[in-house]
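Listed below, chain by chain, are the residues.
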Amino acid sequence: MRIIFATHNKNKMKEVRAILSDVADSIVAKSELGIDFEPAETGKTFAENAEQKAVGIREYMLKHDMLEDDDIIMSDDSGLCVNYMLGMPGIYSSRYLGEDTSYDIKNARIIKELQYAEGDERAAHFTCNICAAFADGRIYHTEGIFEGLIAKEPKGENGFGYDPILYLPEYGKTSAELPPEEKNKISHRAKALHQMHDLLLPMVSADGHVVPQDKEVALSEPPFREDRRPQ
Ligand code: IMP
């Protein structure tokens, strides 16, 4: 079984390999197969965007005669959702205030938007949705959430993006002040990847092939679906 992950990000690939290594014979980034196609992301949710990317790459591979029976195309979509801003920047996290705007500016703006918010009003979380599109058409999603509060000032040098402004009360630190190994254990992406690991494990036979859909092992929990999201 081969997992093709739709990303260019080397750190993401490291994390994916570390968590999913025992479910797949090989885990490659799409670029390692020479795929530079970028499917459009026009969804209204993280799940829709993750699915558009995974299904888009699956269709590309099928069209170019690259798809093998045991392939699983995987993709993720993440972002920061700020309650006080009605969930913004959300799926627009990388595009918020413009794709080329620095995170110093994006983070300062979010802090300013919350200048009158106190306590729980500052609640925010990162979300990561992962979609797995099987060669035979099956589609599964998992989703992880990493909760905190918007800090009153950015702090920390680790991580990237909005990490300096997500304050984690139980650690007394922002996400950017956590050592990367620590963040990688508790992040939204790690949670979604661990769920995906547990979901895929019963679908892979001992000889490394994907178990056909009609022989699929019953799951103790139904796979995550956007319309079944807990309220
Ligand atoms: P992606 O879907 O993983 O590429 O994430 C989209 C955007 O969400 C990133 O460009 C960041 O702005 C934001 N984001 C996602 N995950 C994180 C994180 O772990 N830390 C900080 N920002 C993040």
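Residues numbered from 1 in each chain as written. Predicted model: local features only at pLDDT ≥ 70, side-chain atom pairs only at ≥ 80, totals over all residues. Heavy atoms only, no water.

**Some thoughts on the environment of Lys 173**
- With respect to the helices, strands and loops of the structure, Lys 173 is situated in strand S7 (residues 173–174).
- Note: C-alpha distance between Lys 173 and Ile 4 (169 residues apart in sequence) is 35 Å.
- Look past the residues within four positions of Lys 173 in its chain and what remains in contact with it is Leu 166, Tyr 167, Leu 168 and Leu 178. (Helix = DSSP H or I, 4+ residues; strand = E, 2+ residues; numbered from the N terminus. Contact = heavy atoms within 4.5 Å.)

**Considerations on the pattern of salt bridges**
- With the rule as written, the count across this model stands at 13 salt bridges.
- A salt bridge links Arg 17 to Glu 32, with the nearest nitrogen and oxygen atoms 3.0 Å apart. With Arg 17 in helix H1 (residues 10–20) and Glu 32 in the loop between strand S2 (26–29) and helix H2 (46–63), the pair connects residues that are 15 residues apart, well separated along the chain.
- With a relative accessible area of 47%, Glu 32 lands in the partly exposed category. (Salt bridge = Lys/Arg side-chain N within 4 Å of Asp/Glu carboxyl O. Buried < 20%, exposed > 50% of the residue type's maximum accessible area, 1.4 Å probe, protein only.)

**Some words on helix H3 (residues 103–113)**
- Where H3 is concerned, the buried positions are Lys 106, Asn 107, Ile 110 and Ile 111. Angularly, the buried residues of H3 cover 135° about the axis, an arc narrow enough to put them on a single face. Opposite the buried face of H3, at more than 90 degrees from it, the exposed residues are Asp 104 and Lys 112.
- Against strand S3 (71–82) and strand S5 (139–150) lie the buried residues of H3. (Arc of directions from axis to C-beta.)

**Observations regarding the packing of aromatic side chains**
- Under the defined criterion, the tally for this structure stands at four aromatic pairs.
- Over the ring of Tyr 103 we find Lys 106, and its NZ or CZ is 4.9 Å from the ring centre. (Phe/Tyr/Trp six-rings, centres within 6.5 Å; stacked < 30°, edge-to-face > 60°. Lys NZ or Arg CZ within 6 Å of the ring centre and 35° of its normal.)

**Considering the sheet that holds S3**
- Pairing in this open sheet of seven strands is mixed, and the strands run S2-S1-S3-S4-S5-S6-S7 from one edge to the other. Both edges of this open sheet fall to S2 and S7, since each of them pairs with a single strand only.
- Across the sheet, H1 lies against strand S1 (2–5), S2 and S3, angled at about 165° from S2, the strand it touches most. (Pairing = 2+ DSSP bridges. Axes fitted to C-alpha atoms, helices over the stretch in contact; angles between N-to-C directions.)

**Re the pairing of S2**
- The sheet contact formed by S1 and S2 spans four bridges and is parallel. Among the inter-strand pairings, Ile 4 is bridged to a residue of S2, identified as Val 28.
- Viewed along the sheet, the connection from S1 through H1 into S2 turns out right-handed. (Right-handed = clockwise from strand over helix to strand, strands pointing away.)

**A look at the side chain of His 141**
- Here His 141 lies in strand S5.
- Note on His 141: relative accessible area 9%, which makes it buried.
- A polar contact of 2.6 Å, which involves the side chain of His 141, links it to the side chain of Glu 51.
- A distance of 2.8 Å separates a polar atom in the side chain of His 141 from a polar atom in the side chain of Asn 129. (Polar contact = N/O pair within 3.5 Å; in protein donor to acceptor, adjacent residues only side chain to side chain.)

**Things to note about the site of the ligand**
- In the vicinity of the ligand there are 15 residues, among which Lys 12, Ser 78, Tyr 103, Asp 163 and Lys 183 approach most closely.
- With respect to the ligand, the side chain of Lys 12 contributes an N or O atom lying 2.8 Å from an oxygen atom.
- Measuring from an oxygen atom of the ligand, one finds a side-chain N or O atom of Tyr 103 at 2.6 Å.
- Considering the ligand on its own, with 480 Å² of exposed area, one finds that the protein chains cover 86% of that surface.
- Elements with a contribution of two residues or more to the shell around the ligand: S3 and helix H5 (188–200).
- When residues of the shell around the ligand are assigned to their parent elements, the largest contribution, three residues, is made by S3.
- Classifying every residue of the shell around the ligand gives four nonpolar, six polar and five charged. (Near = heavy atom within 4 Å. Areas by Shrake-Rupley, 256 points an atom, 1.4 Å probe, with all protein chains shown as cover. Nonpolar A, V, L, I, M, F, W, Y, C, P; charged D, E, K, R; others polar.)

Any link to function would need more than the numbers given here.
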